[in-house]
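# Structural features, examined
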Amino acid sequence: MASSSSGPAVVSTTEEIRERMSKFDLRLRDANFTKPEGFVSASVLVPLFIRDGKVQVLLTVRSKHLRSHAGLVAFPGGHMDEDDQSVISTALREAEEETGLPAKDVDVIAVLPPSFVRPNKFVSLVVGIIPSDFEPKMNEAEVSKIFSLPLERFLRDDVVKKDMVIGESEYMIFFFHDMVDGEKIETWGFTASYCMLVGLALCTSDYKLEVQKGVYLDRHSAFLVKANENHFKSLKKVFQSKV
């Protein structure tokens, strides 16, 4: 179970989730996020569902035998295949391969601004609502654990923050620690950041989250295209210098 530390609440119905996230859906916006040369396209699914009146996010622990990001907590997802028609197709295919989640059971409600994952991944994020009674079927070749946490957990104050200088900018890396089925789970980096941001978008208060030194976001600005385009350009410059 997650820590009981206090924090802001998030919405509690699928209708509210759909309404909030649709405001940030790139499919409805004029945005420019181009994959840089030399980067590999990937896509992840952010699977949300309601349990006991709380929004939960489904997560995995990547197999320790994988070549990259082994043993880390992650959203279901992976590289785009040539046969994939879109970032949504990739996210749904990978989620089904890893967790047994049928693509037809996912209600895709938003495609969020993409980001980067070391060393050269260009990652799109697809948010979907999944059935509350979904029972995962773990693909042990790809994941070693499938679990869920309340999304509001990622807005609580028991987060560990570390500063990291990337290029000319100073960023915050977030770490969360939870006991799940008697096992200590650490969620950090890309996955932690986007759990926080989706939680922020669904927040019921005017809570502000510092995501970078002196840069604060709230539920209205969590995934605003203009702000994310500027952040994207900054990260793009850093990651291109390392490819």
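Cut-off values and rules
Residues numbered from 1 in each chain as written. Predicted model: local features only at pLDDT ≥ 70, side-chain atom pairs only at ≥ 80, totals over all residues. Heavy atoms only, no water. UniProt positions renumbered as here; feature names shortened; annotations may be inferred. Salt bridge = Lys/Arg side-chain N within 4 Å of Asp/Glu carboxyl O. Buried < 20%, exposed > 50% of the residue type's maximum accessible area, 1.4 Å probe, protein only. Helix = DSSP H or I, 4+ residues; strand = E, 2+ residues; numbered from the N terminus. Phe/Tyr/Trp six-rings, centres within 6.5 Å; stacked < 30°, edge-to-face > 60°. Polar contact = N/O pair within 3.5 Å; in protein donor to acceptor, adjacent residues only side chain to side chain. Pairing = 2+ DSSP bridges. Expected span 1.5 Å × (residues − 1).

As annotated in an unreviewed UniProt entry, the chain carries the name Nudix hydrolase domain-containing protein and comes from Magallana gigas. In its Sequence similarities (unreviewed entry) section, the UniProt entry covering the chain states "Belongs to the Nudix hydrolase family. PCD1 subfamily."

On to the pattern of salt bridges. Tallying each qualifying case throughout the model produces 15 salt bridges. In this structure, the salt-bridge partner of Asp-84 is Arg-93, at a minimum N-O distance of 2.8 Å. According to the relative accessible area criterion, Asp-84 is buried, its value standing at 14%. Through salt bridges with shared partners, one network takes in Asp-81, Asp-84, Arg-93, Glu-94 and Glu-97.

A positive phi is found at Asp-52, a non-glycine position, where the angle reads about 55 degrees. With respect to the helices, strands and loops of the structure, Asp-52 is situated in the loop between β1 (40–51) and β2 (54–62). Positioned with a positive phi, Asp-181 is a non-glycine residue whose angle comes to about 55 degrees. The exposure class assigned to Asp-181 is exposed, which follows from its relative accessible area of 69%.

Counting across every chain of the model gives seven aromatic pairs. Taking the centre distance of 5.7 Å and the plane angle of 70 degrees together, the rings of Phe-24 and Phe-223 count as edge-to-face. Within this pair, whereas Phe-24 is found in the loop between α1 (14–22) and β1, its partner Phe-223 is found in the loop between β12 (215–217) and α4 (225–240), the two being separated by 199 residues in sequence. Grouping residues by exposure puts Phe-24 and Phe-223 together as buried.

Turning to its location among the elements, Asp-158 is positioned in the loop between β7 (143–150) and β8 (160–166). The partly exposed category is assigned to Asp-158, whose relative accessible area is 24%. In sequence terms Asp-158 and His-177 are 19 residues apart; their C-alpha atoms lie 8.5 Å from each other. In this structure the side chain of Asp-158 is engaged in a polar contact, spanning 2.9 Å, whose partner is the side chain of Arg-153.

With that out of the way, let us pick up the environment of Gly-78. Within the element layout of this structure, Gly-78 appears in strand β4 (residues 77–79). Classification of Gly-78 by relative accessible area gives buried; the value is 16%. For the pair formed by Gly-78 and Leu-92, sequence separation is 14 residues and the distance between their alpha carbons is 9.9 Å.

Bringing the pairing of β1 into the picture now. With ten of twelve residues buried, β1 is to be regarded as a mostly interior element. Bridge count for β1 against β4 is three bridges, and the pairing is antiparallel. Looking at β4, one finds that Ser-43 is bridged to Gly-78. Taken together, β1 and the strand that follows it, β2, pair antiparallel across an intervening segment of two residues, in which Asp-52 is found at a positive phi of about 55 degrees.

Given a rise of 1.5 Å per residue, 13 residues ought to cover 18 Å, and the 18 Å separating the end C-alpha atoms of helix α3 (residues 189–201) matches this to within 8%. A large share of α3 lies buried, amounting to twelve of its 13 residues. Restricting attention to buried positions, one finds in α3 the residues Gly-189, Phe-190, Thr-191, Ala-192, Tyr-194, Cys-195, Met-196, Leu-197, Val-198, Gly-199, Leu-200 and Ala-201.

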